[in-house]
Amino acid sequence: MSDDDRVDVLIIGSGASGAAVAWSLAETKMRILCLEQGDWMKSTDFPTNGRDWEARRYTDFDIFPNKRGRDTDYPVNDDNSPMKVANFNGVGGGTVIYTAHWPRMHPSDFKVKSLDGVADDWPIDYWTLERFYDENDRMMGVSGLPGDPGVPPHKPPMPPIPLGKTGMQYAKAMNKLGWHWWPSDTTIATMPYEGRAQCINLGHCTPGCAQGAKASTDITYWPLAIRAGVELRTRCRVREVTTDEHGMAAGAIYYDADGKEHFQPAEVVIVACNGVGTPRLLLNSASGKFPNGLANSSGLVGRNLMLHPWPMISGYVEETLDGGRAPITNLWSKQFYETDASRGFVRGYTLQFNRGMGPANQAITSAAAGQLPWGRDHHRVYREMFEHRVGIGVACDDLPEESNRVTLDPVLKDSNGIPAPRIDYAISDNTRRMMEHGIARAEEILTAAGATRLYCSRTALNAPGHLLGTARMGTDPERSVVNEWGRCHDVKNLFIVDGSVFVTGGGVNPTSTIQSVALYIADQMKQRLANLFD
Amino acid sequence: MGNDSLSEAEIDALREIAGTMVPADAALGVPGADDTAILADIVKSMGRDLPLVRKAIAEITAKSFASLDRDKREALINDMHGSRAAPIVALGRVVLGAYYRDDRVLLALKHEARAPFPRGYILEQGDWSLLDAVRHRPPLWRDDRKELAT
C-alpha cells in the first residue's frame, strides 16, 4: 500500500483498544490500517532473559515514559500531579508492561449517579458490555476461578494462578477477619492457550513476559487481525487528524521513522491512543473549523482525567514466602468495593494482594522507603525482609473532576516537534477519605497476617496511573465528547475507543473494560455500516 | 572528566562510598559493593543515571567523606538518603541493582544465580480449602437492575 492510498478505516494506536477494534472490524473486509508510533516487541528483548532483569524496570522497561525515555516515547509534563503517567509505546501498547491483573468494572460503576448521586452514569451498562467482556476474556486468555461472590458471575477459560505461600498467608488473615478474598483473574496463561505457552513463573512480569504467557495484544489480537487483512505500520507517529471542508475527518498526518511527513487519507478514523495520548492528539488537531481542538465543542476533551490513586501498604512476616519467583498478581478482595455511607465516602476500592519481590527490587524498594539501612546493619535487615514481604494495593475509584485534565504543554515537545501533553491532577477529598479507609484496612490485614514494619506509600513507587476519562461518552453533546457508541458528536466519521471514553473509572485495573468497550464500539459500527455517518 | 563515564577520581570516591553503603560481611560470606567486579558492574550500568550519580558522589565527597571514620560515614549516607533527594536515591538504586545480581551475593541468599528465563521457578498450589470460608457467601456486588427497578 502506498502512502497515498485511501483506506476505509484508519486506527491510530495498536494497544489494548486499537488491537481489539482492528480484529473485530477485520471481518467486514474493509481496508484497515493501523499506525503505531513504536516497534514490535521481541520476547528475546524482555528483561527476564538477562541477569539485569530487575534493574531494567528502572530503565528501558520503566512503566513511566519520562524515565524510560525510548526514542519511541513522547514526554509528558506531569510535574503538577502527585501521580505519574504510565504507558508503553509499541505494538501492544500498555498491555506489554501491565501487571495482567484482570478485574472487570462492577455494574454499579456504570450507574454512580443513579445509585449514589455522584458524577454521571454511563450511557451504557455492565450488561450491555457483558458479552464483550466474555469475548475479550477468550481472546486475551484469562485465568481465574468461577464462583466469586464479590463480582458478577463469569467463567474464565483457564484455572487460576496458584495461591503459593504468599497467597495462603493472606488467605488465613482474611479468614480470621471474616472478609472477602478470591484469586484474581489474570491474563497470565496457566496452561497452553491458543498458541501461548503457560506461565513458568519468571518473576514479576510487568516489564514483559519472555515466555509469552502474559497476554499482550501483540501476541493475542494482532496476529489474528493481520492474518485477516489488517495492515499494521510501525514507527508512524501521528501529529494530527485532519478534516475536510465538510468538517469530516479526512485522515492523519504522521512522521515515519526517518522523520518524513506523510498524509494518510481515510473514510473513518479511530483514535486509540489512551487517556493522555488521545486528548493530546485531538488538541493538536485544532484547525480553523475546530479552533479548540478536534471534537471539542463541549470543551471536555482532556478534562475529567482519572488516574486511580493506589496506596501501597507493605510489611514483613517471619515465614519465608514466594518472594519474586512468581507473577505479582495473587488475590483480590471486594469487601469494600461498594458504597457504604457509614465509611464517610462514596464508591469504594479493590484490595489487591501482591507477592514479594526479587533480590534487587526488594533492596531498592525498601531502601527507597527508608526501611533498609546503609552500612554494617544492611545485611541483617535485608535478610529479615527478603522473601518475607507482603504488600497490599488499594485500587481506589477515582471519580471525575473537570479540573483534572490533559492540555498541551506550551514548551515541551516530542522528538518530532509535536507539542507534548501536560497533566494537572489533584486527588479529590472523597478519594482521600477512601484512600485512608483502605490504608487502615490493609494495615489490619497485614497485622492479622503477622506482619510488622508496616509502611504506606500513598502514591506508590511504580503506582500505575491508569489513564481514563478525557473524552467521555454520553448522549448530551454539551456534556460529552463521544456518543453512546463511541462516535464523536462533532465529527461523524471520527471514533474514540480507548480509556478516554470512560465516564467513571471504577476501583479496578481498567484494561479489561477498555477492550470490552472497544469491542462493543466495533460491534456498533458493524451494525450501522450502512448509515454510519447519519 | 568525561561526559559519558565517571573519571578515575570519581570511581575511587564511588568505591569508598559503595563500600560504606553495602560493606562486605565475612560471616555471611558476601562481598561489599566496593568489590572489584561489583564496582565495575555499577560503573558499567549507570546509563541515564550517570548525571545524578555523579552529583551524588560530588555531594558526598564535599562533606569530607574521605576523612570521616566508619560510623560517621554510615551516618552521613543514611542521613543523605533520608532526604530522598534524587541524586542519592539514584546512587542507591544503581548500587543495589548491581550488588543484588552478583553470583556470590545471590548464592549467599540461597537464590539461584541465573536469569529467570528459560527455567522459571516453581510456585506451589497452596491450600485451596482456605477458600471454603468464602465460597458460599451471598453476592457482595450491587445489581443495578434490581436496585434501580425498585
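Scope of this entry: the structure provided in the associated data block. Nothing here was measured: the structure is a model prediction, and the numbers come from that model. (Residues numbered from 1 in each chain as written. Chains lettered and ligands numbered in written order. Predicted model: local features only at pLDDT ≥ 70, side-chain atom pairs only at ≥ 80, totals over all residues.)

## Some words on helix α1 (residues 8-21) of chain B
Residue and element names in this part refer to chain B.
1) Next: The terminal C-alpha atoms of α1, which comprises 14 residues, lie 20 Å apart, in line with the 20 Å expected from a rise of 1.5 Å per residue.
2) Next: By the burial criterion, the buried members of α1 are Leu14, Ile17, Ala18, Thr20 and Met21. Considered in projection along α1, the buried side chains sweep an arc of 150 degrees and stay on one side of the axis. With respect to the buried face of α1, the exposed residues turned more than 90 degrees away are Glu8 and Ala9.
3) Next: Against the buried residues of α1 lie α2 (36-44), α3 (50-61), α4 (70-82) and α5 (86-99). (Helix = DSSP H or I, 4+ residues; strand = E, 2+ residues; numbered from the N terminus. Expected span 1.5 Å × (residues − 1). Buried ≥ 20, exposed ≤ 12 C-beta atoms within 10 Å, placed from the backbone. Arc of directions from axis to C-beta. Contact = placed C-beta atoms within 7 Å.)

## Considering the packing of helix α1 (residues 16-26) of chain A against helix α11 (residues 511-527) of chain A
Residue and element names in this part refer to chain A.
1) Next: Running from N to C, α1 and α11 point in directions that differ by 30 degrees, and their axes come no closer than 8 Å. On the basis of the axis angle, α1 is roughly parallel to α11. Helix-helix and strand crossings are classified by hand; for α1 and α11 the assignment is right-handed. Counting all contacts with α1, which are made through Ala16, Ser17, Ala20, Val21, Ser24 and Leu25, the residues of α11 involved are Thr511, Ile514, Gln515, Ala518, Leu519, Ile521, Ala522, Asp523, Met525 and Lys526.
2) Next: Class assignment of the residues belonging to the contact of α1 with α11 gives a composition of 10 nonpolar, four polar and two charged. (Axes fitted to C-alpha atoms, helices over the stretch in contact; angles between N-to-C directions. Parallel < 35°, antiparallel > 145°, perpendicular 65-115°, else oblique. Left-handed = near helix turned anticlockwise from the far one by under 90°. Nonpolar A, V, L, I, M, F, W, Y, C, P; charged D, E, K, R; others polar.)

## Focus: the pairing of strand β11 (residues 349-354) of chain A
Residue and element names in this part refer to chain A.
1) Next: In terms of residue burial, β11 counts as a mostly covered element, since six of its six residues are buried.
2) Next: Side chains Tyr349, Leu351 and Phe353 of β11 all project onto a buried face; the interleaved residues Thr350, Gln352 and Asn354 project onto the opposite face, where all are buried too.
3) Next: One ladder, built from six bridges, connects β11 with strand β12 (residues 389-396); its direction is antiparallel. Its bridge partner lying in β12, Tyr349 is registered against Cys396. (Pairing = 2+ DSSP bridges.)

## Describing the environment of Gly474 of chain A
All names here are of chain A.
1) Next: When you line up the elements, Gly474 lands in the loop between β15 (452-457) and β16 (494-496).
2) Next: Note on Gly474: 21 C-beta atoms within 10 Å, which makes it buried.
3) Next: Along the primary structure Gly474 and Gly302 are separated by 172 residues, whereas in three dimensions their C-alpha atoms are 15 Å apart.

## Topic: helix α8 (residues 359-368) of chain A
1) Next: By the criterion of burial, α8 of chain A is predominantly enclosed, with nine of the 10 residues buried.
2) Next: Listing the buried residues of α8 of chain A in full gives Pro359, Ala360, Asn361, Gln362, Ala363, Ile364, Thr365, Ser366 and Ala367 of chain A.
3) Next: Where α8 of chain A is buried, its residues touch α9 (378-385) and β12 of chain A together with α5 and α6 (103-108) of chain B.
4) Next: One or two residues past the end of α8 of chain A sits Gly370 of chain A, with phi positive at roughly 75 degrees.

## Digging into the interface of chain A and chain B
1) Next: Listed per partner, the contact involves 60 residues of chain A and 51 residues of chain B.
2) Next: Among the elements that take part in the side of chain A that touches chain B, helix α5 (residues 164-177) of chain A stands out by supplying seven residues, more than any other.
3) Next: Grouping the amino acids of the side of chain A that touches chain B by side-chain chemistry returns 27 nonpolar, 21 polar and 12 charged.

## What to know about the environment of Glu8 of chain B
1) Next: Within the element layout of this structure, Glu8 of chain B appears in helix α1.
2) Next: Linking Glu8 of chain B and Thr61 of chain B, residues 53 residues apart in sequence, is a C-alpha distance of 14 Å.

## Regarding the sheet that holds strand β4 (residues 182-183) of chain A
Residues and elements named next belong to chain A.
1) Next: Strand order in the open sheet formed by six strands is β4-β10-β11-β12-β9-β15, and the pairing between neighbours is antiparallel. In the strand order of this sheet, the two ends are held by β4 and β15, each with one partner.
2) Next: Judged from the five bridges that link them, strand β9 (residues 312-316) and β12 form a sheet pairing that is antiparallel. Bridge pairing links Ile313 to Ile392 in β12.
3) Next: Contacting β9, β11, β12 and β15, helix α10 (residues 429-448) crosses the sheet at an angle of about 155 degrees to β12.

## A look at the packing of α1 of chain B against α3 of chain B
Residue and element names in this part refer to chain B.
1) Next: For the pair α1 and α3, interaxial distance at closest approach is 10 Å and the crossing angle is 70 degrees. Viewed along their axes, α1 and α3 adopt a mutual orientation that is roughly perpendicular. Contacts between α1 and α3 involve Glu10, Ala13, Leu14 and Ile17 from the first element and Arg54, Ile57, Ile60 and Thr61 from the second.
2) Next: Partitioned by chemical class, the residues of the contact of α1 with α3 number five nonpolar, one polar and two charged.

## Details of unusual backbone geometry
1) Next: Here the residue pair Phe117 of chain B and Pro118 of chain B is connected by a cis peptide bond, since its omega of 10 degrees sits within 30 degrees of zero.
2) Next: Structurally, Pro118 of chain B is set in the loop between α6 and α7 (132-135).
3) Next: The residue Arg235 of chain A is not glycine, and still its phi comes out positive at about 55 degrees.
4) Next: Given 17 C-beta atoms within a 10 Å radius, Arg235 of chain A is considered partly exposed.
5) Next: Backbone geometry at Lys110 of chain B places phi at a positive 60 degrees, although glycine is not the residue there.
6) Next: Assignment of secondary structure puts Lys110 of chain B in the loop between α6 and α7.

## Some remarks on the sheet that holds strand β13 (residues 405-413) of chain A
Residues and elements named next belong to chain A.
1) Next: The sheet built from three strands is open, its strands ordered β3-β14-β13 with mixed pairing. Strand pairing shows two members of the sheet lacking a second neighbour, β3 (77-80) and β13, which therefore form its edges. Adjacent strand axes in the sheet meet at a mean angle of 40 degrees, parallel and antiparallel pairs treated alike.
2) Next: Pairing between β3 and strand β14 (residues 419-424): two bridges, direction parallel. From the neighbouring strand, Asn80 faces β14, where its bridge partner is Asp424.

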